[in-house]
Amino acid sequence: MKKPKVVVLGAGYGGIMTTIHLQKQLGVNEAEITLINKNDYHYETTWLHEVSAGTLHHDRARVSVTDLINKNKVTFMKDTVTDINIEQKKVILKNNQEIEYDYLVIALGYESETFGIKGLKEHAFSISNINTARQIREHLDYTFATYNNLEEKPEGMMTIIVGGAGFTGIEFVAEIANRVPKLCKEFDIPRDTVRIICVEAAPTALPGFDPQLIEYAVTQLERKGVEFKIGTMIKECTPEGIIVSKDDQTEEIKSKTVVWAAGVRGSHIIEKTGIENNRCRVKVGPDLRAPGAEGVFIVGDCSLVINDETDKPYPPTAQVAMQQGPVAAKNITTLIKGGTDLQTFKPDLKGTVCSLGHDDAIGVVFGRKLFGTSASAMKKVVDNRALFLEGGPGLLLKKGKFNFF
Ligand code: FAD
Ligand code: NAD
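Read on for a plain summary of the structure.

What about the overall build of the protein?
Across its full length, the protein holds nine helices and 27 strands. Since a compact globule built from 405 residues should have a radius of gyration of about 22 Å, the 22 Å found for the protein is in line with a globular shape. Dimensions of the protein, computed from C-alpha atoms along their principal axes, come out at roughly 75 × 45 × 40 Å. In the protein, once contacts between residues fewer than 6 apart in sequence are set aside, the share between residues at least 24 apart is 65%. A total accessible area of about 19,000 Å² is found for the protein, and carbon and sulfur atoms account for 50% of it. In the protein, 49 side chains carry a positive charge and 51 a negative one; their mean positions are 5 Å apart.

Here's the deal with the site of ligand 2
Taken together, 23 residues lie around ligand 2, and Thr168, Glu200, Ile234, Pro316 and Val353 are the ones closest in. The side chain of Glu171 places a nitrogen or oxygen atom 3.0 Å from a nitrogen atom of ligand 2. Note that a nitrogen atom of ligand 2 is positioned 2.9 Å from one of the backbone N or O atoms of Ile234. Considered on its own, ligand 2 offers 850 Å² of accessible surface; in the complex 77% of this is hidden by protein.

Side note on unusual backbone geometry
Of note in the backbone geometry, Phe115 takes a positive phi value of approximately 50° without being a glycine. By the secondary structure assignment, Phe115 is in the loop between β10 (110-112) and α3 (120-123). One non-glycine residue with positive phi stands out, namely Arg279, at about 50°. Looking at the secondary structure, you find Arg279 in the loop between α7 (268-273) and β20 (282-283).

Some details on helix α6 (residues 211-223)
For α6, with 13 residues, the first-to-last C-alpha span of 18 Å sits near the 18 Å given by 1.5 Å per residue. Elements in contact with the buried residues of α6: α5 (167-186), β14 (226-230), β26 (361-365) and β27 (368-371). Structurally, the start of α6 carries an N-cap: the backbone nitrogen of Gln212 is 3.0 Å from a side-chain oxygen of Asp210. Gly225, located one to two residues past α6, shows a positive phi value of around 100°.

Some points on the side chain of Thr232
Looking at the secondary structure, you find Thr232 in the loop between β14 and β15 (233-238). The exposure class assigned to Thr232 is buried, which follows from its relative accessible area of 5%. Of note is the side chain of Thr232, whose polar atom sits 3.1 Å from the backbone oxygen of Ile230. Leave out the neighbours within four places in its chain, and Thr232 touches Val199, Glu200, Ala201, Val244, Ser245 and Lys246.

Overview of the state of the cysteines
With the rule as written, the count across this model stands at zero disulfides. Between Cys354, a free cysteine, and Cys198, which holds the nearest cysteine sulfur, the sulfur-to-sulfur gap is 11 Å. The class of Cys354 is buried, set by a relative accessible area of 0%.

Some points on the sheet that holds β14
A sheet is described by the order of its strands in space; here five strands give the open sequence β11-β18-β12-β13-β14, paired in parallel fashion. Of all strands in the sheet, those with a lone pairing partner are β11 (125-126) and β14, marking the two edges. Here strand β13 (residues 195-200) pairs with β14 via five bridges, running parallel. Paired with Ile196 across the two strands is Val226, which belongs to β14.

Overview of the site of ligand 1
Within the structure, ligand 1 sits among 29 residues, and Gly14, Val81, Asp301, Thr317 and Ala318 are positioned closest to it. Within the backbone of Pro316, an N or O atom sits 3.3 Å from an oxygen atom of ligand 1. Contacts to ligand 1 include Lys379, whose side-chain N or O atom sits 3.1 Å from an oxygen atom. For ligand 1, the protein covers 90% of the area, taking 1,000 Å² as the surface of the free molecule. Among the elements that line the shell around ligand 1, the one with the most residues is helix α8 (residues 318-336), at three residues. Residue composition of the shell around ligand 1, grouped by class: 10 nonpolar, 14 polar and five charged.

Cut-offs used in this document
Residues numbered from 1 in each chain as written. Chains lettered and ligands numbered in written order. Predicted model: local features only at pLDDT ≥ 70, side-chain atom pairs only at ≥ 80, totals over all residues. Heavy atoms only, no water. Helix = DSSP H or I, 4+ residues; strand = E, 2+ residues; numbered from the N terminus. Rg over C-alpha atoms; globule rule 2.2 N^0.38 Å. Contact = heavy atoms within 4.5 Å. Areas by Shrake-Rupley, 256 points an atom, 1.4 Å probe, with all protein chains shown as cover. Lys, Arg positive; Asp, Glu negative; His and termini not counted. Charge placed at Lys NZ, Arg CZ, Asp CG, Glu CD. Near = heavy atom within 4 Å. Polar contact = N/O pair within 3.5 Å; in protein donor to acceptor, adjacent residues only side chain to side chain. Expected span 1.5 Å × (residues − 1). Buried < 20%, exposed > 50% of the residue type's maximum accessible area, 1.4 Å probe, protein only. Disulfide = S-S within 2.5 Å. Pairing = 2+ DSSP bridges. Nonpolar A, V, L, I, M, F, W, Y, C, P; charged D, E, K, R; others polar.

Take it as geometry only, folks, not as evidence of what the structure does.
The following block contains the structure:
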C-alpha cells in the first residue's frame with residue numbers, strides 16, 4: 001500500500017516540534033516524513049535580538065537540523081519553498097522541483113511588517129533571521145570602527161534608532177544599551193557621542209503589559225542612556241534617517257542605523273496559496289487545519305488562533321508555536337491511522353518574560369510579577385526549556401544559558 005506523504009515546511013519552533021512528535025508517533029512503514037527548511041540549521045528566533053546587538057555569537061543561537069531529527073525516519077531537504085499548489089497538493093521549491101503531499105504542515109514563521117511605510121524596506125534593518133541579525137551586528141561594528149577614520153562625520157552617524165517598543169524593540173534596545181559602552185571603549189569613542197533612541201507610536205512602551213513593570217523597564221533603560229520617544233509614529237525612513245510625527249508635528253532624526261522592530265506578519269507564501277488570511281496569518285480550525293485546504297495544517301506565526309475568553313487572537317509567540325507542533329503531529333497521526341477524533345488546540349500560557357539585557361528582565365509568570373535578577377533567571381529557564389524540548393539534555397548542555405546571577 002502507498003505510504004502517505006507528510007511534508008513539514010520550516011524548521012523553526014513550530015516545524016521542529018511537529019517533526020519530532022511525528023517521528024515518535026509514526027513508524028517508517030506508516031508514513032514518509034519530509035522536512036523542508038531554507039537553511040540546514042534551526043535557530044532560536046527568541047535569541048535574535050542578542051545576535052543582532054552582538055551580545056551573543058550566532059553559532060550559539062543555531063543548531064544543525066539533522067542533530068534534532070531522526071534521519072532514519074525523516075528526510076531533510078535544505079531548500080526554499082516558493083509556492084504551494086493547494087489543489088494539486090504540491091509544494092514548489094526554488095529550483096522548480098515539486099514535492100507532493102497528502103498532509104502538509106506550514107510552519108514558515110514570520111516576516112517583518114512595514115505597514116507600507118515609505119523607505120523602511122530599503123533603508124532599515126530588521127531582526128528576521130540569523131542573516132539579518134548578523135548584518136545588524138556587522139553594521140554596528142563597522143560604524144564604530146569607521147568613526148575615528150573620518151575627518152567629517154556625517155550627522156547622525158552614531159545615532160541608533162529602534163522602531164517600536166514592543167517586546168522585540170525593548171529586548172533589542174536593552175542589548176544595544178549594554179553593548180554600546182563596550183564598543184565605545186574598544187574604538188575610543190566617547191559614550192556621549194552615541195545616541196540610542198527607541199520610537200513607539202502607542203502612548204506607552206510595551207502596550208498592554210503591566211504598567212508597574214513597564215515603568216521599571218523604561219527607567220532601567222533610560223538609566224543606561226536610551227531615549228524614548230513615546231506616542232511618536234515613524235512615517236518614513238530615508239538614507240539619512242527617519243521622519244517621525246507626534247501631535248501633528250513632524251521631525252527628522254538623522255541616523256545611519258535604523259532597526260525596524262515594530263511588527264510582524266506571517267510568511268508571504270501564505271498569500272500565494274489563496275487560503276483566506278489576514279496579514280499572511282490563517283485563522284485555523286480548533287484542530288489546526290486550514291479552512292478549505294484538504295490535509296493542510298498551519299502552526300506558529302503563520303497561524304491565527306482566537307482566544308475565546310477575549311475574542312482576540314493570541315499573539316504570535318514561540319510558546320504557542322511549540323505547543324501547536326505536538327497537536328498537529330497527533331492529529332496527522334490520527335488521520336493516517338484512520339481515526340477521526342482530532343485533538344483541539346488550547347494554549348496553556350505560563351506567562352511572559354521580557355529580557356532587559358543578560359542580567360535584567362521583567363515578567364508575569366503564573367500571574368506573579370517578576371523583575372530584576374529573578375525575572376532574568378526565569379527568562380533563562382524559559383530559553384533552556386525550549387532547548388530541552390527541541391534537542392533533549394544534549395542540546396541544553398551544549399547551548400543552554402546557565403549564568404543565572
Ligand atoms: P520561526 O521560528 O521563525 O521559524 C520559521 C522557519 O521557517 C525558519 O527556520 C525559516 O528559516 C524557515 N523558512 C521561512 N521561510 C522559508 C521558505 N520560504 N522556505 C523554507 N524555509 C523557510 N516568543 C516567545 O514566546 N518568547 C520569547 O521570549 C520571544 N522572544 C522573541 C524575540 C525576538 C527577537 C523575536 C523576533 C521574536 C520573539 N518571540 C518570542 C516570537 C517567536 O520567536 C515567534 O513567535 C516564533 O519564532 C514563531 O515560530 P515559527 O515556528 O512560526 O517560526
Ligand atoms: P509587536 O507588534 O508586539 O510590537 C510592535 C510595536 O511597534 C508596537 O508597540 C507598536 O505600537 C509599535 N509600532 C507600530 N508601528 C509603529 C510606527 N510606525 N512607529 C513607531 N512605533 C510603531 O511586535 P514585536 O515586538 O515584534 O513582537 C512580535 C511578537 O513576538 C509578539 O507576539 C510578541 O509577544 C512576541 N515576542 C515576545 C517576546 C517575549 O516574550 N519576550 C519577545 C519578542 C517578541
